[in-house]
Amino acid sequence: MDESRDSTSGDAVVRVAGGSRSRRRKQRALDEVRSAATDARVLETGPTGVRRHEPLVLLTRDERTAFVPASIVGRLESVVETFERGELPTDDAVAVVEHDPEPASLPTPADGPLAVGRRRALGRCGWIEPASVPDESAAELASDRPDEARSRVRDIGLLGRGRGDWSADEPVAEEWDLARDAVDEDGAREPVVVVNANDSDDRNGTDRTLLEAAPGEVLDGAVAVAELVGADDVVVYCNEADDQGRERVHEAARTVAETLGDRLDRERRPEVVVGPNQYIAGEPTMALEAMEGNDRLEARLSPPSPAEHGLYGRPTVLHTPRTMAQVRRVVLAPEEFDADDADPGTRLVTVTGDVDAAATVELPTGGTLADVRQAVDLEGRFKMACVGGQFGGLTRSLSHSPSAPALVGAGLGTEGVIELLNEEHCVLATAGRRARFAKEENCGRCVTGRQGTIQLTEMLRDIYDGEYEDATIRELTRVMGETCMCGFGRSAVRPTVTGMREFEREVTAHAEGRCPSGECEVGGRG
């Protein structure tokens, strides 16, 4: 049975969309809707990515869908009663969309947060039941025509997405080749595919949105990768704090096993493993350490890469849910990707910071970061953005392309977070807090990561006392950026480097005893 088609057919359907951030309000909305619905089918779906409207009630009838936001919870019974009388309740809707009779993905409004970018990987988020598996399967195509599927990914040059991906901002096909070549002739070192979904940075809702809304599609992409590298095992590594994401993956794993098992001649279903709620636990090699049960997490030396010696010594392909979703799109719809682009496809980005509500959107890599301003309302006057999560780069401008080469060239991060910060934020205090986080949270394996973060934190604090050693700080950050063992240490310097470059006068002002933004104590240590 095609579960995705069954869940979206029929004359009158009410969907209640929302994620873990609106779990209680979503349950109240569901209770209201179910108590009033007698004829219409009621479906619980995952988040759309736009928290402003969640829980979002989607009422579909006669090829039209009304989008009714969370603000009217308490009045949903009357809305559903109107709907069941054959009328589409448009008075309380933020959008009404006309569409095909049975759309496979969320109908996109003409404007508003849901209209930002291109909803491809996010296309079915908020529209389908999370545990469902789409009838069109990348894993099945990879099993039937592996050479064709492998060529599509290689020819397009798909790059990995997210700091938890070993192939972050690099072609994924190269690691797949290493994993295939590392297999023993006797089969003692069979490959394994890991979906690294452990991200403790609450700013980043990209992978969380996919796991809570469309985990079946992420797993379909992961099983497709397994087919292409010759792996029998697929493991999803989740954060212990992400209860709903883990629940959704468990449900989807059962559906994947039941739906695709016979078609792919696979007996095993994807396994779910839980890791600690620590920032370093999402770094690829430390994720492997956590999965192997090690209490002390330390980065592994590379080479060799995990594709050569990974989980329990087996060749391991390690990607984030975002990458798996992109792999699925490449295999099934290569026409959506331009092989001439330096970073083909789309990038998922969570917009947060001084905004009314965070939003996860999907931007074409040939577009501009400035489009994210349409997805949120900024509180206060815009001063700067931190692009790239915990260790993102600070910038005055959003006129950058979302592509990895463009962001890296601008000194910004590609981790999938854009924090919009208003004028109340001090650039030195912002960089200092992130340097202190790096000092406290690094694994301690390498000297430059362990001692460098301590020195950097102290040097930034010394600025408040009038000791601004500009050249020394720049040399320290250069050494850390080039010699730290893992991405944690190399990216930890980014807020300082970009902050000093973009806001040099503001940093210098602190050495003179004043904070232009007013956030810091004048003449005191930050």
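Quick caveat, the model's predicted, so the values are computed rather than measured. (Residues numbered from 1 in each chain as written. Predicted model: local features only at pLDDT ≥ 70, side-chain atom pairs only at ≥ 80, totals over all residues. Heavy atoms only, no water.)

Novice: Please explain empty space enclosed by the protein as it appears in this structure.
Specialist: To find leftover empty space, a probe the size of one water molecule is rolled over the atoms. Tallied over the full model, the rule gives nine cavities of 30 Å³ or more. Approximately 130 Å³ is the volume attributed to the largest cavity. Taken together, 16 residues line the largest cavity, and the ones lying closest to its centre are Arg21, Pro47, Arg51, Glu54 and Thr209. When residues of the lining of the largest cavity are traced back to their parent elements, those giving at least two are helix 7 (206–213) and strand 11 (359–364). Tallied by class, residues from the lining of the largest cavity come to four nonpolar, seven polar and five charged. (1 Å grid on protein atoms, 1.4 Å probe; cavity = no way out; pocket = protein on both sides within 12 Å on 5 of 7 lines; lining within 4 Å. Points joined across faces, edges and corners; volume = space filled by probe spheres on them. Helix = DSSP H or I, 4+ residues; strand = E, 2+ residues; numbered from the N terminus. Nonpolar A, V, L, I, M, F, W, Y, C, P; charged D, E, K, R; others polar.)

Novice: Any chance you could explain the sheet that holds strand 9 (residues 316–319) here in plain terms?
Specialist: Within a sheet, each strand pairs with its neighbour through backbone hydrogen bonds, oriented either parallel or antiparallel. The four strands are arranged 8-7-6-9 in an open sheet whose pairing can be described as parallel. Looking along the sheet, the strands with just one partner apiece sit at the ends: strand 8 (271–275) and strand 9. The average undirected angle you get between the axes of adjacent strands in this sheet is 25°. In the sheet, strand 6 (residues 192–197) pairs with strand 7 (residues 233–239) via six bridges, with the strands oriented parallel. Bridge assignment links Val194 to a residue of strand 7, and that residue is Val235. Where helix 9 (residues 243–264) meets the sheet, it contacts strand 7 and strand 8, and its direction lies at approximately 165° from that of strand 8. (Pairing = 2+ DSSP bridges. Axes fitted to C-alpha atoms, helices over the stretch in contact; angles between N-to-C directions. Contact = heavy atoms within 4.5 Å.)

Novice: Mind showing me how you'd approach the pairing of strand 5 (residues 95–98) here?
Specialist: Along any regular strand, the residues point their side chains to alternate faces of the sheet. Only one face of strand 5 is buried: it carries Ala95 and Val97, and the other face, with Val96 and Glu98, is open. Bridging between strand 4 (residues 64–68) and strand 5 involves four bridges; their strand directions are antiparallel. Directly across from Ala66, in strand 5, lies its bridge partner Val96. (Buried < 20%, exposed > 50% of the residue type's maximum accessible area, 1.4 Å probe, protein only.)

Novice: What's the story with the packing of aromatic side chains in this structure? I'm lost.
Specialist: Given two aromatic rings, their pairing is described by the distance between the two centres and the angle made by the two planes. In the structure shown here, the tally under the stated rule is five aromatic pairs. When the ring of Phe391 is compared with that of Phe488, the centres are 5.2 Å apart and the planes differ by 90°; the resulting orientation is edge-to-face. Here Phe391, found in the loop between strand 12 (382–387) and strand 13 (393–395), pairs with Phe488, found in helix 16 (residues 487–491); they are 97 residues apart in sequence, far enough to count as distant. Assessed through its relative accessible area of 7%, Phe488 is described here as buried. An aromatic cluster is present here, built from Tyr279, Phe391, Phe437 and Phe488 joined pairwise through their rings. Note that Arg15 overlies the ring of Trp127, its terminal NZ or CZ placed 3.5 Å from the centroid. Note that Arg61 overlies the ring of Phe83, its terminal NZ or CZ placed 4.7 Å from the centroid. (Phe/Tyr/Trp six-rings, centres within 6.5 Å; stacked < 30°, edge-to-face > 60°. Lys NZ or Arg CZ within 6 Å of the ring centre and 35° of its normal.)

Novice: I'm lost on the sheet that holds strand 3 (residues 56–61) in this one. Help?
Specialist: An order of 2-1-3-4-5 is seen for the five strands of this open sheet, with the pairing classed as mixed. Each edge of the sheet is formed by a strand with only one pairing partner; in this case those strands are strand 2 (41–45) and strand 5. Going from strand to strand, the sheet's axes swing by 20° on average, the running direction of each strand aside. Looking at chain direction, strand 1 (residues 12–17) and strand 3 are connected through six bridges and run antiparallel. Considered in strand 3, the bridge of Ala17 is made with Leu56. Sheet strands touched by helix 2 (residues 23–36): strand 1 and strand 2. Its angle to strand 2, the strand with the most contacts, is close to 170°. In this fold helix 3 (residues 76–84) packs onto strand 1, strand 3 and strand 4, with an angle of close to 10° to the strand it touches most, strand 3.

Novice: For this particular structure, what's the right way to read the confidence of the model for the chain?
Specialist: Low-pLDDT stretches of the model should not have their predicted coordinates read in fine detail. Overall, the predicted model of the chain reaches an average pLDDT of 93, with 96% of residues at or above 70. Every residue in residues 1–9 is under pLDDT 50, and counting partners more than four places away or in other chains gives 22 contacts. (pLDDT = per-residue confidence, 0-100.)

Novice: Would you take a moment to explain the nonpolar core for this structure?
Specialist: The tendency in soluble globular proteins is for nonpolar side chains to be buried side by side. In this structure, Phe67, Trp176, Val193 and Val225 are the most contacted members of the largest nonpolar core, which totals 63 residues. A total of nine residues in this core trace back to one element, the largest contributor, which is helix 8 (residues 215–229). Ignoring anything within four residues of it in the chain, the contact list for Val225 reads Trp176, Val193, Val317, Met324 and Val327. Ranked by size, the runner-up nonpolar core spans 26 residues in total, among them Leu394, Ala429, Tyr464 and Ile473. (Core = buried A, V, L, I, M, F, W, Y, C linked by side-chain atoms within 4.5 Å.)

Novice: For this particular structure, what's the right way to read the pairing of strand 4?
Specialist: Of all five residues that make up strand 4, four are buried, and the element is covered over most of its length. For strand 3 and strand 4, the ladder comprises five bridges, and the chain directions are antiparallel. Bridge pairing in strand 4 links Leu59 to Ala66. Linking two consecutive strands that pair antiparallel, namely strand 3 and strand 4, is a turn of two residues; a positive phi of about 55° is found at Asp62 within it.

Novice: Help me understand the packing of helix 2 against helix 3 in this model?
Specialist: Taken N-terminus to C-terminus, the directions of helix 2 and helix 3 make an angle of 40°; their axes are 8 Å apart at the nearest point. In terms of orientation, helix 2 and helix 3 fall into the oblique class. In the packing of helix 2 onto helix 3, the handedness of the crossing is right-handed. On helix 3, the residues that touch Ala29, Glu32, Val33, Ser35 and Ala36 of helix 2 are Leu76, Glu77, Val80 and Glu84. A class-by-class count of the residues in the contact of helix 2 with helix 3 yields five nonpolar, one polar and three charged. (Parallel < 35°, antiparallel > 145°, perpendicular 65-115°, else oblique. Left-handed = near helix turned anticlockwise from the far one by under 90°.)

Novice: What am I meant to see in the pattern of salt bridges here?
Specialist: Pairs can form between side chains of opposite charge whenever their charged atoms are close. With the rule as written, the count across this model stands at 41 salt bridges. In this structure, Asp92 engages Arg75 in a salt bridge whose closest nitrogen and oxygen atoms are separated by 3.6 Å. Taken together, the positions of Asp92 in the loop between helix 3 and strand 5 and Arg75 in the loop between strand 4 and helix 3 put the pair 17 residues apart, joining distant regions of the chain. The partly exposed category is assigned to Asp92, whose relative accessible area is 28%. (Salt bridge = Lys/Arg side-chain N within 4 Å of Asp/Glu carboxyl O.)

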